[in-house]
Amino acid sequence: MGAIKLCDGAVHDYQDIAALQTESWRSAYPGILPGTYLDGPILEERESHWQNLMRSTCGKRRAVFLAKDCGVLLGFACVLLDEEPAWGARLDNIHVRPAYRGKGTGRLLFSSAAKWISTCEPQWSMHLFVFEANHPARRFYEQMGGRVVERCGQMTPAGIVVPSLRFLWQNPRAIADL
C-alpha cells in the first residue's frame, strides 16, 4: 500500500462510489437490511443514486471526498450542507472498503469533512445518522467525539424503516485536525 491521497469526487466517479458503498453495505448490514436487498439490485440502485447526486445542482453546498491509493478507491465521504440545516451540516455517507477499516482511512475522511464544513459554515455543527445495530460504526463515531442526540426510524433504500441514531458534533472545527 502506498500513500493515501484525498481528492474531490466528480460526476464520473459515481460507479466507483456506488461499488464501494455496495461492498461496504454487504459487509456491515447483514441482519440490519434484508438479504433480498443486499443480494439483489443494490448496485444498480446505488449507481442511480450517486449519478443523480453527483449531477445535482447543489454544487458548492455538497462535497464528496475520495481516499485513493494507487488509483484504487479505499473510501469516501459525502457532506450535504442543506439536508437539515437546523442540525448543521449532514455527513451523509462515510464508507471505507472493508479490508481497510481500522487503518486511518475513515479518520482521514472524517476530518476532511469536518474541515470542509468549518470552512463553509464556521458556526455550524455536524450530524449524521447511523443504524442503531451498527455497533462498529457507533464506536468509531464515539471515538471521534460524537454524542447521540436522537433516536428515530430511518427509511432505507431497501424500503424498510431501521432504528437509527443521530450523532452530533457541536464544533466540527475542533475535530478537523484529528
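Criteria and cut-off values
Residues numbered from 1 in each chain as written. Predicted model: local features only at pLDDT ≥ 70, side-chain atom pairs only at ≥ 80, totals over all residues. Heavy atoms only, no water. Core = buried A, V, L, I, M, F, W, Y, C linked by side-chain atoms within 4.5 Å. Buried < 20%, exposed > 50% of the residue type's maximum accessible area, 1.4 Å probe, protein only. Helix = DSSP H or I, 4+ residues; strand = E, 2+ residues; numbered from the N terminus. Contact = heavy atoms within 4.5 Å. Pairing = 2+ DSSP bridges. Axes fitted to C-alpha atoms, helices over the stretch in contact; angles between N-to-C directions. Expected span 1.5 Å × (residues − 1). 1 Å grid on protein atoms, 1.4 Å probe; cavity = no way out; pocket = protein on both sides within 12 Å on 5 of 7 lines; lining within 4 Å. Points joined across faces, edges and corners; volume = space filled by probe spheres on them. Nonpolar A, V, L, I, M, F, W, Y, C, P; charged D, E, K, R; others polar.

With that settled, consider the nonpolar core. If you look at the biggest cluster of nonpolar residues, it comprises 26 residues, and the most contacted ones within it are Val79, Leu91, Phe110, Tyr141 and Trp169. Taken together, the elements giving at least two residues each to this core come down to β2 (62–69), β3 (72–80), β4 (89–96), α4 (105–120), β5 (126–131), α5 (135–143) and β7 (161–169). The element contributing the most residues to this core is α4, with 6 residues. Contacts of Leu91, omitting those with residues within four sequence positions, involve Ala77, Cys78, Val79, Phe110, Ala113, Met126, His127 and Leu128. If you look at the next biggest cluster of nonpolar residues, it comprises 13 residues, including Tyr14, Leu53, Leu66 and Cys78.

Sheet strands associate in pairs through backbone hydrogen bonding, adopting either a parallel or an antiparallel arrangement. If you walk across this open sheet you meet the 7 strands as β1-β2-β3-β4-β5-β7-β6, and the pairing is mixed. Looking at strand neighbours, the two that pair on one side only are β1 (5–8) and β6 (147–155), the edges of this open sheet. Each strand of the sheet is rotated relative to its neighbour by a mean of 30°, with strand direction disregarded. Of the strand pairs in this sheet, β1 and β2 are connected by 4 bridges, and their pairing is antiparallel. By the bridge assignment, Leu6 is partnered in β2 with Ala67. α4 rests against β1, β2, β3, β4, β5 and β7 of the sheet, and its axis sits at about 160° to β4.

A rise of 1.5 Å per residue sets the reference length of α4, with its 16 residues, at 22 Å; its end C-alpha atoms lie 23 Å apart and thus fit the reference within 8%. Among all positions in α4, only Thr105, Gly106, Leu109, Phe110, Ser111, Ser112, Ala113, Ala114, Trp116, Ile117 and Ser118 are buried.

Further remarks concern the layout of surface pockets. One number sums up the size of the largest pocket: a volume of about 1100 Å³. Tyr29, Ile94, His95, Asn134 and Tyr141 are the residues nearest the centre of the largest pocket, which is lined by 39 residues in total. Only α1 (14–28), α3 (42–55), β4, α4, β5, α5 and β6 provide two or more residues apiece to the lining of the largest pocket. Among the elements that line the lining of the largest pocket, the one with the most residues is β4, at 7 residues. Taken together, the residues of the lining of the largest pocket break down into 19 nonpolar, 13 polar and 7 charged.

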